[in-house]
Amino acid sequence: MFEGFSQQTIDFLWGIRLNNNKSWYDEHKDDYKEHLAKPMKALCDELYCDFCKEIGYNTVSSVSRLAKDARFPHAYPYRDNFWFTFKEPIREWWALPAFYFELTCEGWSYGMGTWSATAVSMQNLRNAIDDNRKEFEKLAKDFGKKGIMTLEGDFYKRKKGEISPVIDEWYNRKNFNCFRAFTYDDKTVFDRSLLELILNDFRELYPLARFLHKAMKSEE
């Protein structure tokens, strides 16, 4: 059962950032398992029990690894952030919307976005918006009115179109991320109430996520 993260969680993340080598990690491996990996897995599993029944399409959950992929060259062997994702069960899941929670040295965040949207997946989205303009405009307006999360993402240098201010915020992006971010001054991360906070905010994103999932996964 998830009971919250702790000061030891943050201490470990700072420790691996400042001592990013195998010898330090080996000395603090038990700290990693107990204070970072264990509570993250517990949070992920509990949230996913509700999420997978509610979201309305097929997903899988995944907790990140601390060690970077050894197949590729890296300046440092370990990450100083840690996260989980609820994502599509396909190889190129990063091109489609995924829900996530992340811890860094400086704070914590969660939301829904694309890790690496493709030109095809974003064109699929624009096609779906063109075909279902009123539906998407309502979803986009609802997202903006709630004001719970921030929308970010890179814009194309040349606009793909001008439809309405609320739609254009999505229509002309190369990728997107809807998120909330906190520093550790917000103590919610240290107790069980974090679970309810994340789940309730994820639920607010479900209607938008369902539209994005259906649109971007299209093979048109």
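Residues numbered from 1 in each chain as written. Predicted model: local features only at pLDDT ≥ 70, side-chain atom pairs only at ≥ 80, totals over all residues. Heavy atoms only, no water.

Colleague: Could you give me a rundown of the overall build of the protein, with the residues and numbers involved?
Modeller: On a plain count of helices and strands, the protein comes out with 7 helices and 6 strands. Here the C-alpha atoms of the protein give a radius of gyration of 19 Å, agreeing with the 17 Å that 2.2 N^0.38 yields for 220 residues. The dimensions of the protein, computed from C-alpha atoms along their principal axes, are 55 × 40 × 30 Å. Looking at the protein residue by residue over its 220 residues, the buried ones come to 46%. Across the protein, the fraction of contacts at a sequence separation of at least 24, relative to all contacts at a separation of at least 6, is 67%. For the protein, the exposed area adds up to about 11,900 Å²; of that, 49% sits on carbon and sulfur atoms. One finds the centroid of the 33 positive side-chain charges in the protein at a distance of 5 Å from the centroid of its 35 negative side-chain charges. (Helix = DSSP H or I, 4+ residues; strand = E, 2+ residues; numbered from the N terminus. Rg over C-alpha atoms; globule rule 2.2 N^0.38 Å. Buried < 20%, exposed > 50% of the residue type's maximum accessible area, 1.4 Å probe, protein only. Contact = heavy atoms within 4.5 Å. Areas by Shrake-Rupley, 256 points an atom, 1.4 Å probe, with all protein chains shown as cover. Lys, Arg positive; Asp, Glu negative; His and termini not counted. Charge placed at Lys NZ, Arg CZ, Asp CG, Glu CD.)

Colleague: Account for the pattern of salt bridges, with residues named and values stated.
Modeller: Taken as a whole and judged by the stated rule, the model has 13 salt bridges. Between D80 and R17 there is a salt bridge, and its shortest N-O distance comes to 2.7 Å. Taken together, the residues span a long stretch of sequence, with D80 in the loop between β1 (60–63) and β2 (82–87) and R17 in helix α1 (residues 7–18) at a distance of 63 residues. Among the residues examined, R17 registers a relative accessible area of 30% and is labelled partly exposed. The closest approach of N and O atoms between R203 and E54, which form a salt bridge, is 2.8 Å. Here R203 is found in helix α7 (residues 193–216), whereas its partner E54 is found in helix α3 (residues 29–54), with 149 residues between them in sequence. In this structure, a network of salt bridges that share partners links the residues R17, D80 and E106. (Salt bridge = Lys/Arg side-chain N within 4 Å of Asp/Glu carboxyl O.)

Colleague: Before we move on, could you go through α3 and cite the residues and values that matter?
Modeller: The first and last C-alpha atoms of α3 sit 36 Å apart over 26 residues, in line with the 38 Å expected at 1.5 Å per residue. In the structure, α3 departs most strongly from a straight axis at Y48, where the bend amounts to approximately 35°. Buried residues of α3: Y32, L36, A37, P39, M40, A42, L43, C44, L47, Y48 and F51, and no others. G56 sits one or two residues past α3 and shows a positive phi near 100°. (Expected span 1.5 Å × (residues − 1). Bend = angle between axes of the 7 residues up to and from the residue.)

Colleague: How would you sum up the nonpolar core? Please name residues and give values.
Modeller: L43, F99, F101, L103 and W170 are the most contacted members of the largest nonpolar core, which totals 66 residues. The element best represented in this core is α7, accounting for 13 residues. Those residues in contact with F101 that sit more than four places away from it in its chain are F5, M40, L43, F82, W83, F84, W108, S109, Y110, V189, L194 and I198. (Core = buried A, V, L, I, M, F, W, Y, C linked by side-chain atoms within 4.5 Å.)

Colleague: Summarise the side chain of T188; cite the residues concerned and give the values.
Modeller: Positionally, T188 belongs in the loop between β6 (177–183) and α7. In contact with T188, other than residues within four places in its own chain, are W108, S193, L194 and L197.

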